[in-house]
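Below, each chain spelled out in residue letters.
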Amino acid sequence: MPPSMSRLVALLSKLPGIGEKTAHRLAFHVLDAPSAYALELAEALSAVAEGVCFCTKCCNLTDSDCCAVCRDPRRDDSLICVVESVQDLLAIERTGEYQGHYHVLHGALSPLDGIGPEELRLETLLARVRKGGVREVIAATNPDVEGEATSLYLHRLLGALGVTVSRIAQGVPMGGDIEHADAVTLGRAISARRPL
Amino acid sequence: MRVTSLGLHGFRNLEPVRLEAPARLTVIVGENGQGKTNLIEAIYCLATGKPLRGGRLPEIVNWEEKGCRILGSVEEEVAKSMEVQVRSGRRLLMLDSKASVRLERYTKVLKVVAFTPDDLQVVKGSAENRRKWLDRAVFTRNEQYASVHRTFRRALRSRNRLLRKGKDTGRVPEELEAFDEAVAAAGARLWLGRIGFVEEMARLIAERFDTISRQGASLEISYQSDLLREQDVSTAGVSRVDLEKCLRVGMRKRRRSDLARGFTTAGPQVDDLAMKLSGHDLRTFGSQGQQRAAVLALKVAEIENLRLRLRRTPVLLLDDVSSELDPGRNAHLLGYLAGFPGQVWMTTTDPQLASAGQGPEARCLTVEDGKVSGEGVRSLEISPTCTW
Ligand SMILES: Nc1ncnc2c1ncn2[C@@H]1O[C@H](COP(=O)(O)OP(=O)(O)OP(=O)(O)O)[C@@H](O)[C@H]1O
Ligand SMILES: [Mg+2]
Ligand SMILES: [Zn+2]
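Now for a look at the structure at hand.

## Brief notes about the overall build of chain B
In terms of regular secondary structure, chain B is built from 13 helices and 15 strands. Computed over the C-alpha atoms, the radius of gyration of chain B is 23 Å, within 12% of the 21 Å expected from 2.2 N^0.38 for a compact globule of 388 residues. Each of the three principal axes of chain B carries a C-alpha extent, and together these read 65 × 55 × 35 Å. Each of the 388 residues in chain B was classed as buried or not, and the buried ones make up 56%. Taking all contacts inside chain B whose residues are at least 6 apart in sequence as the whole, residues at least 24 apart take part in 72%. Roughly 17,600 Å² of accessible area belongs to chain B as shown, and the carbon and sulfur atoms make up 47% of that amount.

Here you go:
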């Protein structure tokens, strides 16, 4: 195989979920396609590498200074939803239920992975809250050890500044049934019940 | 509940084999080192996805093979097929040919209680042995406990890592308090599982011990925790919220010494199960016979508790137990087994005990250098390689 092909295969197999075999298949697919496709793909890749950066306000992905959510004037400025990743932000956006702003931490506190507060994008969040006008911060981190600890940390950090910090609720999934829900989820759904 | 067939390929030293005929009692005989325990372990592994002896899962794969398969059919209300495959350190669990079943779901199907010579350590050994027995028994009764246990271990390891960092740098990590909370939340759930189980078992164990030893001495077990004791938290009817608070307060009080040592010094991870014989510590003061009677009582109570709670009779796996018990306890055990309504698999090197495999609904299997022979032994007709 020519070195340029081996290089492509090697680079592709670094992608998550792509083994050597799949990388070969993909490489040959690109080779077989009209050459315009390969050039367009290369251009798209470099556009992402050069053009995409973090929003200066919320650390979402953007190709300008400020992301689309932060630029949207209809959004509620007094609400900030804190998430671990851009994927989580997109998942909440898909619900269409949320009209506030976001803050992406790009991780969660994880001593076992060596991730402490300095590794998270907390400075900009603190600055936003200190500037005033924020009424509530919603901790939408994952319901695992790291996510729970991160939300408790946010509570301590931001609670001191006088904003309300709330935690997303956990409960029985829609379309699921109580009988088959796991005990921990069901237990939390019971303790986090609300009046009708 | 019965195992009605068992198929093995690449499992420890055992040659590929299929076992048919669901006898109620199977006695496995053979000389030392032939593979008797391995055969018992195969059933344990089929039920739980885990090796019987401490160890790591990849160790069950035959040294010459790349992977291993354990297949079984289980007869409950409906028949089910189960399979465990292990290859390159990975495990695949299958139920009715459906792959990648979660452990919590998989282990619901076949309940086994194993009794091995190592179990004597529950009485004689360190607190860790008792915690392990407790956690495994709670898990057998309630599969959800596995995730509680996992979460607690991760939270504790995280906190310990921070304490270690604090010790090394001389600065308290800012996020330590957040992980105190994580440990407290998970630890309270772990406590609740253990405490509830001990409470249920205490009376059963005392009764069993009484019938086994017939000496009038009474055996009392109770859950022992420094934190619960120093804060006067009674285990009877205690709530999760109270337990969480107790753990949180305990960690806060010990923060400085924890930081100095670099790990969490109090909590469920250092608790113990106290066993007292008429008020005296069984481990220190009990005779050999009393200690053996206690282990037997513990095991039988565990089985009876499962039957009561799950309304299902577990499959019993007894590995070379007769060699660890004296004639009196052995007689009691055999009497219990004779009246036991469920399926029993037992190994022995004692030809005398092998005669137990002669009765109705019983059979005797011989294991010699990894080759199983006897009634119901067939050749295996599956592809030897793992299916993924
Ligand atoms: N992964 C493996 N691959 C091949 N052989 C193994 C493996 N693991 C264990 N063995 C071998 O299996 C043999 C039988 O072990 P097993 O513990 O079943 O014997 P046993 O019949 O119970 O003997 P005993 O009466 O002494 O308890 C041992 O010689 C051991 O070395
Ligand atoms: Mg053995
Ligand atoms: Zn933004």
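That was the structure; now back to the text.
## Brief notes about the site of ligand 1
All names here are of chain B. In the vicinity of ligand 1 there are 16 residues, among which G33, G35, K36, T37 and N38 approach most closely. Contacts to ligand 1 include E59, whose backbone N or O atom sits 3.0 Å from a nitrogen atom. Burial of ligand 1 by the protein amounts to 76% of the accessible area it has alone, namely 660 Å².

## Focus: the coordination of the zinc ion (ligand 3)
The reference angle at a metal is 109.5 degrees if four donors form a tetrahedron and 90 or 180 degrees if six donors form an octahedron. Coordination of the zinc ion (ligand 3) by the protein comes from C55 of chain A (SG), C58 of chain A (SG), C67 of chain A (SG) and C70 of chain A (SG), over a distance range of 2.2 to 2.4 Å. One can describe the donor arrangement at the zinc ion (ligand 3) as tetrahedral, given that its four donor atoms subtend angles of 103 to 117° at the metal.

## Overview of the environment of V61 of chain B
All names here are of chain B. Mapped onto the secondary structure, V61 falls in the loop between α1 (36-48) and β4 (67-75). Between the C-alpha atom of V61 and that of Q85, which follows or precedes it by 24 residues, the distance is 9.6 Å. Every residue in contact with V61, bar those within four places of it in the chain, is listed here: G10, R12, K66, G67, C68 and V86.

## A closer look at a positive patch on the surface
Residue and element names in this part refer to chain B. A cluster of basic residues, K50, R91, R153, R157 and R161, forms a positive patch on the protein surface. Ranked by the residues each element gives to the positive patch, the list is headed by helix α5 (residues 145-169), at three residues. Relative to the assigned elements, R157 resides in helix α5.

## With respect to the sheet that holds strand β9 (residues 272-277) of chain B
Within a beta sheet, neighbouring strands are joined by backbone hydrogen bonds and run either parallel or antiparallel to one another. All names here are of chain B. Pairing is antiparallel across the open sheet formed by three strands, whose spatial order is β8-β9-β10. The two strands at the open ends of the sheet, each matched to only one other strand, are β8 (219-224) and β10 (280-281). Pairing geometry for β8 and β9, over six bridges, is antiparallel. The residue of β9 that forms the bridge with Y223 is L273. Strand contacts of helix α4 (residues 127-141): β8 and β9, with the helix running at about 105° to β9, the strand carrying the most contacts. Packing of helix α6 (residues 176-213) onto the sheet brings it into contact with β8 and β9, and relative to β8 it is tilted by some 175°.

## Examining a negative patch on the surface
Negative charge collects at one region of the surface, where E15, E31, E368 and D369 of chain B lie side by side. On the secondary structure map, E31 of chain B appears in the loop between β3 (25-29) and α1.

## Here we look at unusual backbone geometry
Non-glycine residue C59 of chain A carries a positive phi angle of around 70°. Topologically, C59 of chain A is positioned in the loop between β1 (53-54) and β2 (61-62). By relative accessible area, C59 of chain A is classed as buried at 3%. The backbone of D369 of chain B shows a phi angle near 45°, a positive value even though the residue is not glycine. When you line up the elements, D369 of chain B lands in the loop between β13 (362-368) and β14 (371-374).

## Details of the side chain of E175 of chain B
Within the secondary structure, E175 of chain B is located in the loop between α5 and α6. It is K165 of chain B that comes nearest to the buried, bridge-free E175 of chain B among opposite-charge side chains, at 4.5 Å. When sequence neighbours within four positions are dropped, the list of residues in contact with E175 of chain B reads L109, I115, G116, P117 and Y153 of chain A together with L162 of chain B.

## With respect to helix α8 (residues 240-253) of chain B
Residue and element names in this part refer to chain B. In this model, α8 (14 residues) spans 20 Å end to end at C-alpha, consistent with the 20 Å of a helix rising 1.5 Å per residue. Within the span of α8, buried status applies to L243, E244, C246, L247, G250 and M251. Seen from one end, α8 has its buried residues packed into an arc of 160°, which puts them on one side. In this structure, α8 carries V241, K245, R252 and K253 as exposed residues pointing more than 90 degrees from its buried face. Against the buried residues of α8 lie α5, α6, α7 (226-230) and α9 (255-261).

## Quick word on the nonpolar core
The biggest cluster of nonpolar side chains holds 98 residues, and the ones touching the most others in it are L158 of chain A together with W191 and M275 of chain B. By residue number, the principal contributor to this core is α6 of chain B, which donates 18 residues. The residues touching L158 of chain A, leaving out its near neighbours within four places in the chain, are L125, L126, V129, V137, V163 and V165 of chain A. If you look at the next biggest cluster of nonpolar residues, it comprises 42 residues, including L6, L93, L103 and A114 of chain B.

## Here we look at the sheet that holds strand β6 (residues 90-95) of chain B
Residue and element names in this part refer to chain B. The six strands lie next to each other as β6-β5-β4-β1-β2-β15, forming an open sheet whose pairing is antiparallel. With partners counted over all chains shown, the strands left at the sheet margins are β6 and β15 (377-378), one partner each. Here β4 runs beside strand β5 (residues 79-87); their pairing, made up of nine bridges, is antiparallel. Opposite I70, over in β5, you have V84 as the bridge partner. Each of β1 (2-9), β2 (17-19), β4 and β5 touches α1; the most contacted strand, β1, lies at about 105° to it.

Quick notes on the rules
- Residues numbered from 1 in each chain as written.
- Chains lettered and ligands numbered in written order.
- Predicted model: local features only at pLDDT ≥ 70, side-chain atom pairs only at ≥ 80, totals over all residues.
- Heavy atoms only, no water.
- Helix = DSSP H or I, 4+ residues; strand = E, 2+ residues; numbered from the N terminus.
- Rg over C-alpha atoms; globule rule 2.2 N^0.38 Å.
- Buried < 20%, exposed > 50% of the residue type's maximum accessible area, 1.4 Å probe, protein only.
- Contact = heavy atoms within 4.5 Å.
- Areas by Shrake-Rupley, 256 points an atom, 1.4 Å probe, with all protein chains shown as cover.
- Near = heavy atom within 4 Å.
- Polar contact = N/O pair within 3.5 Å; in protein donor to acceptor, adjacent residues only side chain to side chain.
- Donors = N, O, S within 2.8 Å, 3.2 Å for Na, K, Ca; no water.
- Tetrahedral: all angles 85-135°; square planar, octahedral: opposite > 155°, others 65-115°.
- Patch = residues over 30% accessible without salt bridge, like charges linked within 9 Å, V, L, I, M, F, W, Y side chains within 5 Å.
- Salt bridge = Lys/Arg side-chain N within 4 Å of Asp/Glu carboxyl O.
- Lys, Arg positive; Asp, Glu negative; His and termini not counted.
- Charge placed at Lys NZ, Arg CZ, Asp CG, Glu CD.
- Pairing = 2+ DSSP bridges.
- Axes fitted to C-alpha atoms, helices over the stretch in contact; angles between N-to-C directions.
- Expected span 1.5 Å × (residues − 1).
- Arc of directions from axis to C-beta.
- Core = buried A, V, L, I, M, F, W, Y, C linked by side-chain atoms within 4.5 Å.

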